[in-house]
Amino acid sequence: MAPGKTIKAKIKKTLPVTGPQAPTVSELMLWYCMNTNTHGCRRIVVSRGRLRRFIWILLTLSAVGLILWQCAELVMSYYTASVSVTVQFQKLPFPAVTICNINPYKYSAMKEHLSELDKETKNALETLYGFSEGKSKVRRDADDWNATESKFLERIPLLKFEDLSKRTVTEIPSGNKRKIETSVFHQGSSMVNTGDPQDVVGFQLCDPNNSSDCAVYTFSSGVNAIQEWYKLHYMNIMAQIPLETKVNMGYSAEDLLLTCFFDGISCDTRNFTPFHHPLYGNCYTFNSGENGRVLTTSTGGSEYGLQVVLYIEEADYNPFLVTSTGAKIIVHDQHEYPFIEDIGTEIETATATSIGMHFTQSHKLSKPYSDCTETGTDIPVANLYNKSYSLQICLHSCFQRAMVDTCGCAQYAQPLPPGAEYCNYKKYPNWMYCYYKLHEKFVKEQLGCQQICKEACSFKEWTLTTSLAQWPSSVSEDWMLRVLSWDKGQKINKMLNKTDLANLVVFYKDLNERFISENPANNIVILLSNFGGQLGLWMSCSVVCVIEIIEVFFIDSFFIIMRRYWQKAKKWWNGQKAAPLQVNAPAKEGHDNPMCIDEDLPTFNTALHLPLPQENHMSRTPPPNYSTLQLDAAFTDPLPDMLEGRSH
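Residues numbered from 1 in each chain as written. Predicted model: local features only at pLDDT ≥ 70, side-chain atom pairs only at ≥ 80, totals over all residues. Heavy atoms only, no water.

Let's shift gears to the pattern of salt bridges. Scanning the entire structure with this criterion turns up nine salt bridges. In this structure, K454 and D371 form a salt bridge, with 3.4 Å as the shortest nitrogen-oxygen distance. A residue pair is termed long-range when its members are at least 10 positions apart, and K454 in the loop between α13 (449-452) and β18 (458-470) and D371 in the loop between β17 (351-363) and α11 (391-407) qualify at 83 residues. The exposure class of K454 is buried, given its relative accessible area of 15%. Residues E421 and K427 are paired through a salt bridge, measuring 3.4 Å at the closest nitrogen-oxygen approach. Overall, the relative accessible area of 30% leaves E421 in the partly exposed class. (Salt bridge = Lys/Arg side-chain N within 4 Å of Asp/Glu carboxyl O. Helix = DSSP H or I, 4+ residues; strand = E, 2+ residues; numbered from the N terminus. Buried < 20%, exposed > 50% of the residue type's maximum accessible area, 1.4 Å probe, protein only.)

A few words on the state of the cysteines. Summed over all chains, the structure comprises seven disulfides. One disulfide bridge connects C372 with C457, the sulfur atoms lying 2.0 Å from each other. Residues C372 and C457 are joined through a disulfide that is right-handed, its torsion about the S-S bond being 95°. Here C372, found in the loop between β17 and α11, pairs with C457, found in the loop between α13 and β18; they are 85 residues apart in sequence, far enough to count as distant. The class for C372 is buried, based on a relative accessible area of 5%. Bridging C394 to C453, the disulfide has an S-S length of 2.0 Å. Between C394 and C453, the disulfide has an S-S torsion of -85° and is therefore left-handed. Of this pair, C394 sits in helix α11 while C453 sits in the loop between α13 and β18, and the two are 59 residues apart along the sequence. (Disulfide = S-S within 2.5 Å.)

With that settled, the discussion passes to the packing of α11 against helix α12 (residues 431-443). Where α11 contacts α12, the axes come no closer than 10 Å and their chain directions differ by 135°. With respect to α12, the axis of α11 lies oblique. In the crossing of α11 with α12, the sense of the turn from one axis to the other is right-handed. The segment α11 lies against α12, with L395, F399, A402, M403, T406 and C407 engaging W431, C434, Y435, L438, H439 and F442. Grouping the amino acids of the contact of α11 with α12 by side-chain chemistry returns 10 nonpolar, two polar and no charged. (Axes fitted to C-alpha atoms, helices over the stretch in contact; angles between N-to-C directions. Parallel < 35°, antiparallel > 145°, perpendicular 65-115°, else oblique. Left-handed = near helix turned anticlockwise from the far one by under 90°. Contact = heavy atoms within 4.5 Å. Nonpolar A, V, L, I, M, F, W, Y, C, P; charged D, E, K, R; others polar.)

See below:
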């Protein structure tokens, strides 16, 4: 064998072997952990301390477990050939349906309380337009209208503008002409005024404590002016009547409902829950969920909805309060308050009204995605309606609270706050003027309610499609009215009039529930995925790599810096303590200088720069005798080529 190969073989046999040729498994694993790109394994080996090593073992094993689990799921999903088919028969909850007569109270029962107001209204109509109200369907008193004292017109005088530009008006009923100097607010009418634009009717409101503080409200239609003036006095009168009396003057469920069917099954007044509305009197809610049970329907179509026939009794209507005939309904959730005065749908008499519904649930994300509220508890407005939060509830409650704080009493059309009472000009003579001024601020969004109140994040909505048909038909009118009259308990020879009846059908057009939900475009999962993609693309880095970077660059670096500062501070402190003892000590140089002591051995260049020792000092350590140094051979036996060299 050649000498070079012999030496190489001897070195391989003597020196430790690492890598894939390692003789033992432990050495192979050690080599793998020190050289692999799998950061967790390397950190297990190089970490100092049992706690840190245990944490890295736990992290690495957790990562391996997750990988095995995900891979197993992927493989099982890949080899699964089964198909799942789901058939679901859906049932939708039927909404609450609230029904009110447009006329809140029977006029025959209210006549005693409204007699003086009605007489002054008739007197004003005769003075303004030169005619008196014709004979009504209900017998009225025939007293002389001018014999009574006009207390309503004196409190809120009606005005007829002869020339709006010159602000000259005629007072009703005195007929006196004068010029007004106060502010004029025109209440716009949706109807087009085809008459003389100078013939404008309005009324004046003044502060009783300050007669110069007045405001005139004008209307382009005399109908609107008379009705608004009448409603002001009407609410003032109704605020003084006890609730029990008002309930008795309204329509009972037996008066309003003639027939009822739901989902093909007969129903009656027991399925309706009564509640009293300030503006519409006695109203009745079908499927209110008051007993904790909400009706559902599993089939769409008009045959499986709510079908009712309503008795309107037009002859007992108040001629000045309402000018239309029929009923008003609203479809709403069981936990919502029915704002029938705002979003109610009117039902016409002598007509079959079919209302088809589509159900939609909506959910919006709250902050920071939108400015909505989940439950309304974060809104600084007390809920006066005892129902779930909505924007309308907040706005009405806010205005009512401002009304109580500003005017000292509550407006009649909204619930009473605790400790308050409804306004009437016997106790609060200033309330009408105060109400109009406050309502003007509310409409102009100067009251702050629109800024405080927020939309609800979750709400249910029923989209309505209305269709009308003549009912009953001319060929079936005779027998239907006779049968309904018999069901009503009247005599056969006194049939009901079709103008007193209304047919209503409320149903689901289909059972397709639409759900609208907002989801964040970015969340923590997407954020981590994006970070992982960028780190893996540009740095071939994983979660374990990130933890390793945090450990080295933050934790270890922090401890190294703190340890260095600690050593410097300790050295400085030791120097301060040793300074008084070394004042007279001779200076030490060279190897005798303790400052030159270093853990590392001096190099040749640094040794040349050391100062020479002084003569009175002890000699340094003599240099080693190189001839005595012997290299411990790694080979006990001489090599053959060396023996051959010596022989030569």
